[in-house]
Amino acid sequence: MPKVKFVKDIKEGEQVKDLFLVSGKTVLSSNAGKAYINLALRDRTGQLECRVWDRAEEIAKRFDRDDIVEATGSAIQYQGRIQLKVHDVRKVEEEAELADFLPVTRRGIEPLWEELQAQVKGVKDPDLSRLLTTIFPDPPDTEEARRFRQAPAGKSMHHDYIGGLLEHTVSVAAICRFLSGHYEEVDGDMLIAGALLHDIGKVRELSYEGAFDYTDEGRLLGHLTMGAEWVSGECARIEGFSPHKAILLKHMILSHHGELEYGSPKRPKTLEAILLHFVENMDSKANAFLEAMGNLREGAVWTDYQRMFERYLYAGKKRE
Ligand SMILES: [Fe+2]
Ligand SMILES: [Fe+2]
């Protein structure tokens, strides 16, 4: 049973009967004490807010978050957005094409992986080079490398699609490569190694087999600590790895969010760490900006409120 209609094409007044991934499900109780379901259904083009008003308790038992379901309902307009009033939900047991339901990087996993490998090969320092080829083996024949290629860079903030972490990493490394030629004092190998490894902890911080979410370990430790621990372990396994370099590298990972209130236990204190922080911040913001423009409602000149920026963004730049 293939998917026919995608979220972005659903219009007010339409009757919908199609496949979606359940990305949220909460059973609530109305003022009158009647149960209803708050449902989020998604596919690769977006997410739909939905309500199930009738037979909610019975319908809620049939499926869970991360299931693929067939939902039947009617599209209504609610506070300027399309919402689905769902009449029925049925769990789909047969194997579905996951790429229909989760967004994927437009730049392609393979070309991005090749770019990452070129960055790895550019690192000449023997310690850092060994570390990088261990974590990013070519071909990607470890479970971790396979997961790294698939992982999103975030749940909702930026690069929140399959391959997003790889895309973000490659982009940050490319800008850092430029900066290592621009500022004479920069240790280029250290900067590139930091760029390639800065978000590696996200491989374990996020789960993305179904809807994107944080793992328990991710919520409890966060990707900075997880990344630093991971790199620490790998450095210790490489014979003769310089302890000083290991510290500088871990410092870059732990400080890349820049400020204590953004989750960094230490603020950047080397030139490489300072540059990495600004570059990765810039790359996430530029990506979030472009995504917001891509999600613009037809004819709109302003985006919806953007939590990451704490403001509305202007899309009317190209007007005559
Ligand atoms: Fe990060
Ligand atoms: Fe990042």
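Described below are features of the structure shown in this document. (Residues numbered from 1 in each chain as written. Chains lettered and ligands numbered in written order. Predicted model: local features only at pLDDT ≥ 70, side-chain atom pairs only at ≥ 80, totals over all residues.)

1. Focus on unusual backbone geometry
Okay, step 1: Residue Pro-139 is bonded to the preceding Asp-138 through a cis peptide linkage, with omega at 5 degrees.
Okay, step 2: Mapping Pro-139 onto the fold places it in the loop between α3 (126–135) and α4 (143–150).
Okay, step 3: Notably, Glu-310 is not glycine yet its phi reads approximately 55 degrees, a positive angle.
Okay, step 4: Mapped onto the elements of the fold, Glu-310 is located in the segment after α10 (271–294).
Okay, step 5: In this structure Glu-310 comes out as exposed when scored by C-beta crowding, with 7 C-beta atoms within 10 Å. (Helix = DSSP H or I, 4+ residues; strand = E, 2+ residues; numbered from the N terminus. Buried ≥ 20, exposed ≤ 12 C-beta atoms within 10 Å, placed from the backbone.)

2. Let's talk about the nonpolar core
What tends to happen in soluble globular proteins is that the nonpolar side chains get buried as a cluster.
Okay, step 1: In this structure, Leu-132, Cys-176 and Ala-193 are the most contacted members of the largest nonpolar core, which totals 66 residues.
Okay, step 2: Of all the elements, helix α6 (residues 188–197) adds the most residues to this core, at seven residues.
Okay, step 3: Among the domains, domain 1 (7–99) and domain 2 (103–293) are the pair contributing at least three residues each to this core.
Okay, step 4: Sequence-distant contacts of Cys-176, that is, excluding residues within four places in its chain, are made with Leu-191, Ile-192, Ala-195, Leu-275, Leu-276 and Val-279. (Core = buried A, V, L, I, M, F, W, Y, C linked by C-beta atoms within 7 Å. Domains from an automatic or database assignment. Contact = placed C-beta atoms within 7 Å.)

3. A closer look at the sheet that holds strand β1 (residues 15–29)
Okay, step 1: Taken in spatial order, the five strands of this closed barrel run β1-β2-β3-β5-β4, and their pairing is mixed. Within the sheet, the average angular offset between the axes of one strand and its neighbour, ignoring direction, is 50 degrees.
Okay, step 2: Two elements, β1 and strand β2 (residues 35–43), share eight bridges in a ladder whose sense is antiparallel. Within β2, the position partnered with Thr-26 by the bridge is Asn-38. (Pairing = 2+ DSSP bridges. Axes fitted to C-alpha atoms, helices over the stretch in contact; angles between N-to-C directions.)

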